[in-house]
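Geometric and topological summary
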Amino acid sequence: MVVARSLSEITSWEHSGTQFMLRPLPHRIMLRLANLESTDQVELLIRAGIAGWSNLVQADGTVVSAKLKSALISGIEVKDALTPESLDCIPFQLIGELSSQILKANQLGEEDAKN
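Residues numbered from 1 in each chain as written. Predicted model: local features only at pLDDT ≥ 70, side-chain atom pairs only at ≥ 80, totals over all residues. Heavy atoms only, no water.

Judged by pairing direction, the sheet is antiparallel, and its three strands sit side by side in the order 1-2-3 without closing on themselves. Two strands bound the open sheet, and with one partner strand each, they are strand 1 (11–15) and strand 3 (50–54). Across the sheet, the axes of successive neighbouring strands diverge by a mean angle of 25 degrees, strand direction being ignored. With four bridges connecting them, strand 2 (residues 18–22) and strand 3 associate as antiparallel partners. Along strand 3, the bridge assignment pairs Gln19 with Ser54. Sheet strands touched by helix 2 (residues 38–49): strand 2 and strand 3. Its angle to strand 3, the strand with the most contacts, is close to 65 degrees. Sheet strands touched by helix 4 (residues 92–105): strand 1, strand 2 and strand 3. Its angle to strand 1, the strand with the most contacts, is close to 155 degrees. (Pairing = 2+ DSSP bridges. Helix = DSSP H or I, 4+ residues; strand = E, 2+ residues; numbered from the N terminus. Axes fitted to C-alpha atoms, helices over the stretch in contact; angles between N-to-C directions. Contact = heavy atoms within 4.5 Å.)

With that out of the way, let us pick up the pattern of salt bridges. Between side chains of opposite charge, a pair can form when the charged atoms approach closely. The final tally for this structure, using the stated rule, is one salt bridge. Glu43 is paired through a salt bridge with Arg47; the nearest N and O atoms lie 3.1 Å apart. Highlighted residues: Glu43 and Arg47, both in helix 2, separated by four residues, approximately one helical turn. By relative accessible area, which is 6% here, Arg47 ends up buried. (Salt bridge = Lys/Arg side-chain N within 4 Å of Asp/Glu carboxyl O. Buried < 20%, exposed > 50% of the residue type's maximum accessible area, 1.4 Å probe, protein only.)

Encoded structure:
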């Protein structure tokens, strides 16, 4: 029996007290990533792969909320995508690591591979 892949299982990644909620990406997004330039890949990964966060704080101590809405990103319709304004709140030095964590969260686990 083949077990269907779930797109509703959110995982989290913590960095310096901030929890980032990472979502599984549909195959159409994963396949599209191979045809994009690296900056477009990163934007699509981050905006489509982050479902939210907690405890992201600006320099003045203000807590920042993640805002999501449907968007067309690199030619792909993404439901509940991180808004460009929310993307800009993420410290630039975390963008690469977040991209890696989203890709890691979308890899088949050992149990999934057996099914």
